[in-house]
Amino acid sequence: MIRWVLVIFLALVIFSQALPWLEKLGVGRLPGDVNFTLFGRHFSLPFASTILLSTVVFLLAKFL
């Protein structure tokens, strides 16, 4: 159980760090992605982008 929590945490950290680069490709601006500013800080919750990337990774893993 703790292994999955660690993997999910690391994936979120990597995805959040790569998000500015991925936004140039259109990831993070899909319908279903939530962007808001709170107390002068910008927050991004890329729900639709996460589902899209998970689907792509799943399909790659299945066919390779």
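Below is a summary of the structure that appears in this document. Treat the numbers as computed from the prediction; the structure is a model and nothing was measured.

## Some remarks on a nonpolar patch on the surface
A cluster of nonpolar side chains, namely Val34, Phe36, Leu38, Phe39, Phe43, Leu45 and Phe47, defines an oily patch on the protein surface of about 690 Å² accessible area. Listed by contribution, the elements that provide at least two residues to the nonpolar patch are β1 (33–38) and β2 (41–46). Broken down by element, the residue count for the nonpolar patch peaks at three residues, all from β1. If you trace the backbone, Leu38 turns up in strand β1. Owing to a relative accessible area of 42%, Leu38 belongs among the partly exposed residues under this scheme.

## Overview of unusual backbone geometry
Despite not being glycine, Phe39 has its phi angle at roughly 55°, a positive value. Along the chain, Phe39 turns up in the loop between β1 and β2. Look at Phe39 and you get exposed, because its relative accessible area is 82%.

## So, the packing of aromatic side chains
The final tally for this structure, using the stated rule, is one aromatic pair. Seen from their ring centres, Phe36 and Phe43 are 5.5 Å apart, and the 25° between their planes marks the pair as stacked.

## A word on the pairing of β2
Bridge count for β1 against β2 is six bridges, and the pairing is antiparallel. Directly across from Thr37, in β2, lies its bridge partner His42. Between β1 and the antiparallel strand that follows it, β2, lie two residues; Phe39 among them carries a positive phi value of about 55°.

What counts as what
Residues numbered from 1 in each chain as written. Predicted model: local features only at pLDDT ≥ 70, side-chain atom pairs only at ≥ 80, totals over all residues. Heavy atoms only, no water. Patch = residues over 30% accessible without salt bridge, like charges linked within 9 Å, V, L, I, M, F, W, Y side chains within 5 Å. Areas by Shrake-Rupley, 256 points an atom, 1.4 Å probe, with all protein chains shown as cover. Salt bridge = Lys/Arg side-chain N within 4 Å of Asp/Glu carboxyl O. Helix = DSSP H or I, 4+ residues; strand = E, 2+ residues; numbered from the N terminus. Buried < 20%, exposed > 50% of the residue type's maximum accessible area, 1.4 Å probe, protein only. Phe/Tyr/Trp six-rings, centres within 6.5 Å; stacked < 30°, edge-to-face > 60°. Pairing = 2+ DSSP bridges.

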